[in-house]
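# Summary of the model geometry
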Amino acid sequence: MKKKLKPLRILRHIIQIVLFLLLPGLYILAFGEIRGLYISVINGSFSIRSSLQGITELLILTVMTMLFGRFFCGWACAFGTYNDFLHIIAKNIFHIKFKLNPKADSVLKYMKYVILAFLVLIIWTSGSTVLSGASPWDAFASLTDFTTLFSSFAVGFVLLVLITIGALFVERFFCRYLCPLGAIFSIASVLSIFKIKMSKKDCGSCNACSSVCSMGIDLKKKDMVRGGECISCMKCAEVCPRKNTNTNIAGLDIDAKLASSFAVAACIGIYSIGQLGANNLANISDSTGSITPIGAFATVNAVQKYVDGTYTGTGTGFRGSTTTVSVTIQNDVITDITTVSYGDDAQFYKKAESSIFSDVINEQSANVDTVSGATFSSQGLISAIEDALAKAEIR
């Protein structure tokens, strides 16, 4: 068959690039929400108010995956896009044509479930920090800040290099074998209303669909693929010379380009609406925008610690950016914290802000936990608050 650029593949790569630029850290946030909610439940610190945004985002991603399969993995995940373009470069520029043994491939795919179980049952449950700095995701997110990369994510960077090498030889190397978020989505997507159908009675012997499958699925043995390992990249549908591969939503056969556009638009729309609702609910406050402290006025310090007033503090956030906050103290109580300015990615910063501000006010201390998935933004906020409180202390 003659090689030519397929319209559906062009559409997918355009969407991948756009989302890579607009929502580069969505995959980290998604997994961070799952981790944060799990830890808060087992630690007994779970509360609807502090976890509302995380619950909402997690429900949105889960519902999207259950409805439309793993479109997030195939079309929206920045790390998946990174893996895709590495393989495109390897195949078309370096002409690498490595083929892994199918039996080895099928066994290795279970590794991501083992990794997920290890993280949940051993690392998250015990609260261990032994893997701190070992995340290739965080290393990937820090590629433009070499100081942070090598000081905080040296192990993660080594793993990222190994994953990069693997992606040059095996398409979607990380997604196939190592991604714990992919393991979760594989389970959540098995009952999705989106599926790809192949009629075996009309199928020839070319095996073109299997040869282009990004996840190495042996499609010639299947009449239908729905969720699971399939990331809905649609390459099988566009390559079939007999047009025997059809996309189907809720029992209706639909053109692949239309089905993909609908699913991606629905996912982005649901996510955007959910984000808007989550942010509004998470930021319930009085008319001035301040957060009402819960229990902050229950006791008054016997010895006054702070001078009343509003103080400004600065801290260092993601990639060395400066975070500036103002902290208001009244009757020796932290009553309000507001953001003056920040240089972090807005999505990460807002996630950290909604949780850190309420936690500091409720605890009356800057000694609070960072927000999973927004660690550097959290650290910038906490250090800025500490700086402001230091200026307010009675000397």
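This write-up is about the structure you can find in this document.

What counts and how
Residues numbered from 1 in each chain as written. Predicted model: local features only at pLDDT ≥ 70, side-chain atom pairs only at ≥ 80, totals over all residues. Heavy atoms only, no water. Pairing = 2+ DSSP bridges. Helix = DSSP H or I, 4+ residues; strand = E, 2+ residues; numbered from the N terminus. Axes fitted to C-alpha atoms, helices over the stretch in contact; angles between N-to-C directions. Salt bridge = Lys/Arg side-chain N within 4 Å of Asp/Glu carboxyl O. Buried < 20%, exposed > 50% of the residue type's maximum accessible area, 1.4 Å probe, protein only. Parallel < 35°, antiparallel > 145°, perpendicular 65-115°, else oblique. Left-handed = near helix turned anticlockwise from the far one by under 90°. Contact = heavy atoms within 4.5 Å. Nonpolar A, V, L, I, M, F, W, Y, C, P; charged D, E, K, R; others polar. Expected span 1.5 Å × (residues − 1). Arc of directions from axis to C-beta. Phe/Tyr/Trp six-rings, centres within 6.5 Å; stacked < 30°, edge-to-face > 60°.

### Overview of the sheet that holds strand E5 (residues 309-316)
Pairing within the open sheet is antiparallel, and its three strands lie in the order E5-E6-E7. Strands with a single pairing partner mark the edges of an open sheet, and in this sheet they are E5 and strand E7 (333-341). Averaged over all neighbouring strand pairs, the angle between strand axes comes to 25°, with direction disregarded. In the sheet, strand E6 (residues 322-330) pairs with E7 via seven bridges, with the strands oriented antiparallel. Counterpart to isoleucine 329 in the pairing with E7 is isoleucine 334.

### Some thoughts on the pattern of salt bridges
Scanning all chains against the criterion turns up twelve salt bridges. Of the charged contacts, one joins aspartate 253 and lysine 197 as a salt bridge, the two residues approaching to 3.9 Å between their closest N and O atoms. In this pair, aspartate 253 sits in strand E4 (residues 252-254) while lysine 197 sits in strand E1 (residues 194-198), placing the two residues 56 residues apart along the sequence. Overall, aspartate 253 belongs to the exposed group, its relative accessible area being 52%. Residues lysine 221 and aspartate 218 are paired through a salt bridge, measuring 3.7 Å at the closest nitrogen-oxygen approach. In the salt-bridge network here, residues are joined through shared partners; they are Arg12, Asp84 and Arg172.

### Here we look at the packing of helix H16 (residues 346-363) against helix H17 (residues 375-392)
The contact between H16 and H17 brings their axes to 9 Å, and the two run at 40°. As the angle between them shows, H16 and H17 are arranged oblique. Like other packed secondary-structure pairs, H16 and H17 cross with a definite hand, here right-handed. Of H17, the residues touching H16 (which contributes Phe348, Tyr349, Ala352, Glu353, Ile356, Phe357 and Val360) are Ser377, Ser378, Leu381, Ile382 and Ile385. Looking at the contact of H16 with H17 residue by residue, the classes come out as nine nonpolar, two polar and one charged.

### Some points on helix H1 (residues 7-22)
Here H1 contains 16 residues, and its C-alpha end-to-end distance of 23 Å stays within 8% of the 22 Å for a straight helix at 1.5 Å per residue. Of the residues making up H1, those classed as buried are Leu8, Arg12, His13, Ile15, Gln16 and Leu19. Projected down its long axis, H1 carries its buried residues within an arc of 160°, all on one side. Among the exposed residues of H1, those pointing more than 90 degrees away from its buried face are Pro7, Leu21 and Leu22.

### Digging into the packing of aromatic side chains
One pass over the structure, following the stated rule, counts 18 aromatic pairs. Ring geometry for phenylalanine 71 and tryptophan 75: centres 5.8 Å apart, planes at 35°, overall tilted. Here phenylalanine 71 and its partner tryptophan 75 are both found in helix H4 (residues 71-76), four residues apart, which amounts to about one turn of the helix. The pair formed by phenylalanine 71 and tryptophan 75 is uniform in burial state, with each residue classed as buried.

### What to know about the side chain of histidine 87
In this fold, histidine 87 is placed in helix H5 (residues 78-92). Look at histidine 87 and you get buried, because its relative accessible area is 13%.

### Here we look at H17
An α-helix turns once every 3.6 residues. As a result, residues three or four positions apart point the same way. Between its first and last C-alpha atoms H17 spans 26 Å; for 18 residues at 1.5 Å apiece the expected length is 26 Å, and the two agree. Tucked into the core, H17 has its buried residues touching helix H9 (146-152), E5, E6, E7 and H16.

### What about the side chain of lysine 109?
Positionally, lysine 109 belongs in the loop between helix H6 (102-108) and helix H7 (111-126). Residue class for lysine 109 comes out buried when judged on its relative accessible area of 9%. Those residues in contact with lysine 109 that sit more than four places away from it in its chain are Arg176, Tyr177, Met215, Gly216, Ile217 and Glu229.

### Observations regarding the pairing of E6
One ladder, built from eight bridges, connects E5 with E6; its direction is antiparallel. When the bridges of E6 are listed, threonine 310 appears paired with threonine 328. In this structure, the hairpin formed by E6 and E7 is closed by a connection of two residues, where asparagine 331 is found at a positive phi of approximately 55°.

### Notes on the pairing of strand E3 (residues 245-249)
For a regular strand, side chains alternate in direction, first toward one face of the sheet and then toward the other. Across the five residues that make up E3, a large majority, four, are buried. Bridge count between E1 and E3: five bridges; the pairing is antiparallel. Within E3, the residue paired with phenylalanine 194 across the bridge is isoleucine 249. Here E3 hands over to E4 after two residues, with alanine 250 in that stretch at a positive phi of 55°.

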